[in-house]
Amino acid sequence: QVQLVESGGGLVQAGGSLILSCAASGREFADCGAAWFRQAPGKEREFVSAIDWSGTGTHYGDVAQGRFTITRAISKNTVYLRMDMLVPEDTAIYYCAADLNWGKLISVGGKPDYWGQGTQVTVSS
């Protein structure tokens, strides 16, 4: 079992930056890839970015390209999402997810096994 707890969300002005953290517990997490998803009110869940178990392989969704950076601190069992140049359209609840199967993290319709409770990000114009 893996437990995930997100933090770092909040209110930021357009053009600003935030760093989200996903702290994990459970032995299996070391072998899991991890990802960030987001969901805005009235919209479907959207893939943001993923990182593999080693922290060396990453994948980004269109919404993240060039603005967001995912990293992983293996010794801390923590995954980060640095978000720069934020725009109001980035307003959403951001969720951390993890799975042993990389495909379940990055595939359209994939359903990772483990999810956090989410952290709210609000970008004001």
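Further up the page is the structure itself.
Just so it is clear, the structure is predicted and the values come from calculations on it, not from any experiment. (Residues numbered from 1 in each chain as written. Predicted model: local features only at pLDDT ≥ 70, side-chain atom pairs only at ≥ 80, totals over all residues. Heavy atoms only, no water.)

Attention now goes to the nonpolar core. One broad trend across soluble globular proteins is that nonpolar side chains are buried collectively. Judged by nonpolar contacts, the single largest core of 29 residues is most densely connected at Leu 4, Phe 29, Trp 36, Leu 81, Met 83 and Tyr 94. Elements with a contribution of two residues or more to this core: strand 3 (18–25), strand 4 (33–39), strand 5 (46–51), strand 7 (68–73), strand 8 (78–83), strand 9 (92–99) and strand 11 (119–124). Excluding anything up to four places from it in sequence, Leu 81 contacts Leu 18, Ile 19, Leu 20, Trp 36, Val 48, Ser 49, Phe 68, Thr 69, Ile 70 and Tyr 94. Core analysis: the second largest hydrophobic core is formed by six residues, Ala 35, Phe 47, Ala 50 and Ala 97 among them. (Core = buried A, V, L, I, M, F, W, Y, C linked by side-chain atoms within 4.5 Å. Buried < 20%, exposed > 50% of the residue type's maximum accessible area, 1.4 Å probe, protein only. Helix = DSSP H or I, 4+ residues; strand = E, 2+ residues; numbered from the N terminus. Contact = heavy atoms within 4.5 Å.)

Tallied over the entire structure, the rule returns three aromatic pairs. With a centroid separation of 5.1 Å and 50° between ring planes, the pair formed by Phe 37 and Trp 115 is classed as tilted. On the criterion of sequence distance, the pair formed by Phe 37 in strand 4 and Trp 115 in strand 10 (residues 114–115) is long-range, its members being 78 residues apart. Above the plane of the ring of Phe 37 lies Arg 45, whose end atom (NZ or CZ) is 5.0 Å from the centre. (Phe/Tyr/Trp six-rings, centres within 6.5 Å; stacked < 30°, edge-to-face > 60°. Lys NZ or Arg CZ within 6 Å of the ring centre and 35° of its normal.)

Moving on, we come to the pattern of salt bridges. Following the criterion strictly, the structure yields six salt bridges and no others. Asp 90 serves as the salt-bridge partner of Arg 67, at 2.7 Å between the closest nitrogen and oxygen. Here Arg 67 is found in the loop between strand 6 (58–60) and strand 7, whereas its partner Asp 90 is found in the loop between strand 8 and strand 9, with 23 residues between them in sequence. Each member of the pair, Arg 67 together with Asp 90, is buried. (Salt bridge = Lys/Arg side-chain N within 4 Å of Asp/Glu carboxyl O.)

Bringing the layout of surface pockets into the picture now. Within this model, the largest pocket holds a volume of roughly 190 Å³. Taken together, Phe 37, Arg 45, Glu 46, Phe 47, Leu 105, Ile 106, Ser 107, Val 108, Gly 109 and Gly 110 make up the lining of the largest pocket. Broken down by secondary-structure element, the contributors of at least two residues to the lining of the largest pocket are strand 5 and helix 1 (102–106). Here the lining of the largest pocket is composed, by residue class, of five nonpolar, three polar and two charged. (1 Å grid on protein atoms, 1.4 Å probe; cavity = no way out; pocket = protein on both sides within 12 Å on 5 of 7 lines; lining within 4 Å. Points joined across faces, edges and corners; volume = space filled by probe spheres on them. Nonpolar A, V, L, I, M, F, W, Y, C, P; charged D, E, K, R; others polar.)

Moving on, we come to the pairing of strand 9. Burial runs high along strand 9: seven of the eight residues are buried. Sheet topology note: the strand 4/strand 9 ladder contains seven bridges and is antiparallel. When the sheet's bridge partners are listed, Ala 35 is paired in strand 9 with Ala 97. The sheet contact formed by strand 9 and strand 11 spans three bridges and is antiparallel. The partner of Ala 92 across the bridge, within strand 11, is Val 121. Two elements, strand 9 and strand 10, share two bridges in a ladder whose sense is antiparallel. Each residue of the ladder has a partner; that of Ala 97, found in strand 10, is Trp 115. (Pairing = 2+ DSSP bridges.)

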